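# Geometric and topological summary
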Amino acid sequence: MASVRVGDDVIDRDPAVQELESRTANLLGQEAGLFMPSGSMSNLVALMTHLRPGDRFLAPRHAHVLSHELGTAGWIAGGIPLELPWSHAPGVPSVADIAAVAAEEADQPAYYDLVTRLVCLENTHNHAGGYFIDWRLAHELSDAAHQAGWAVHLDGARLWHAAAAQSIDPAQAVGGADSVSVCFSKGLGAPVGSLLCASRGFIDRARRWRKALGGGLRQSGVLAAAALVALDEELPRIDWDRRRASLLAKALREMGLRAPEPATNIVLASPGPDSRWSASDLTQAWQDAGVGCLTMGTAVRLVTHRDIDDRALAQAIGLLAQATERFS
Ligand SMILES: Cc1ncc(COP(=O)(O)O)c(C=O)c1O
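Residues numbered from 1 in each chain as written. Predicted model: local features only at pLDDT ≥ 70, side-chain atom pairs only at ≥ 80, totals over all residues.

## Examining the site of the ligand
- Residues in contact with the ligand, as listed here, are Ser38, Gly39, Ser40, Asn43, His64, Glu122, Asn126, Asp155, Ala157, Cys183, Ser185 and Ser194.
- Residue contributions to the shell around the ligand peak at three residues, all from helix 2 (residues 39-50).
- The class makeup of the residues in the shell around the ligand is two nonpolar, eight polar and two charged. (Near = placed C-beta within 6 Å. Helix = DSSP H or I, 4+ residues; strand = E, 2+ residues; numbered from the N terminus. Nonpolar A, V, L, I, M, F, W, Y, C, P; charged D, E, K, R; others polar.)

Given below as structure tokens:
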């Protein structure tokens, strides 16, 4: 970050940002990429580029674009959301869910009826505990949307973990989506940064929306430099996050808690069914003990990442065990 050669990315481009954009687009099998300060802005710019005000979009229940971005998909991008159920797996709708909406909409539409334009998937699904979409199903879901004449945006903030869990290339995990956003600050350790990738024409239009939101960043090469380190040094070892999450879940079960085997790097833990304690009691106790975690629905979310090595994991498990004793 200190030694990178920078330019002005608002005027005539920054070389490190350009390198990051083209390398990431290549990795994801897309024509072009656009650097963004955050995953939320990547998603919002994608939705603004796909939708016109009043268009409907579908997304699985508790998708980040529905539940955790202040509703900007509605009041800034103008999208009218329709929740899809998790019929296939946690966080993952089925082809039939998409086909049912398409069939209903195709059935004698009136001029005043809502028109769907987009399906927004999330891989891995944060709220569902890091479940990934099987890459074959991802293609089937995209095909179902395309057949209905809709586009597909993939919120791939943790797409890297989805690819590692299936031992496939990130491009394969994109699963036929028309646009995809990824993050460098989740698991990979960069302090800031996300990238939106799609066709060249889409990215040219998205660049205008990014500027409109104040996301045109001038000497952003200092940030891109950290994201390049994330790609070079952290991405190859990302599957360790899943293995350590699995060890963490096992340790939590041994403490008498409910902690299903994680699919990737997110562990959802909750007090047993007969416990008089709630997830927020647990979160508070663990945070007081010095372990970072969040309440998510009825569970506590713990995430493994590049800074949690074996030693840090053992230390965290020790602290969690001590803080959990009073809950048994
Ligand atoms: C699935 C998903 N998408 C998007 C985001 C937003 O990323 P950011 O916090 O960089 O805005 C997050 C953040 O946790 C996320 O989990």
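## So, the nonpolar core
- Core analysis: the biggest nonpolar cluster contains 79 residues, and Val45, Leu47, Val119, Leu196, Ala224 and Ala227 have the highest contact counts within it.
- The element that contributes the greatest number of residues to this core is helix 10 (residues 221-234), accounting for seven residues.
- Apart from the residues within four sequence positions on either side, Ala227 is in contact with Leu20, Phe184, Ala190 and Gly193. (Core = buried A, V, L, I, M, F, W, Y, C linked by C-beta atoms within 7 Å. Buried ≥ 20, exposed ≤ 12 C-beta atoms within 10 Å, placed from the backbone. Contact = placed C-beta atoms within 7 Å.)

## As for the pairing of strand 2 (residues 56-60)
- Burial of strand 2 is extensive: four of the five residues sit out of reach of the surface.
- The sheet contact formed by strand 2 and strand 3 (residues 80-84) spans five bridges and is parallel. Bridge pairing in strand 3 places Pro60 opposite Leu84.
- Note that strand 2 and strand 4 (residues 116-122) share three bridges and pair parallel. Bridged to Phe57 within strand 4 is Leu118. (Pairing = 2+ DSSP bridges.)

## Topic: the packing of helix 2 against helix 9 (residues 200-212)
- Two elements in contact, helix 2 and helix 9, have axes whose closest approach is 9 Å; the angle formed by their N-to-C orientations is 115 degrees. At the point where helix 2 passes helix 9, the crossing takes the right-handed sense. Across the interface between the two elements, Val45, Ala46, Met48 and Thr49 from helix 2 touch Phe202, Arg205, Ala206, Trp209 and Arg210 from helix 9.
- Taken together, the residues of the contact of helix 2 with helix 9 sort by class into six nonpolar, one polar and two charged. (Axes fitted to C-alpha atoms, helices over the stretch in contact; angles between N-to-C directions. Left-handed = near helix turned anticlockwise from the far one by under 90°.)

## Observations regarding the sheet that holds strand 3
- With mixed pairing, the seven strands of this open sheet are ordered in space as 1-7-6-5-4-2-3. Across the chains shown, the open sheet's two edge strands, defined by having one partner strand only, are strand 1 (32-36) and strand 3. Direction aside, the axes of adjacent strands within the sheet are offset by 20 degrees on average.
- Across four bridges, the pairing between strand 6 (residues 179-183) and strand 7 (residues 194-198) is antiparallel. Residue Ser181 lies in a different strand from strand 7, and its bridge partner there is Leu196.

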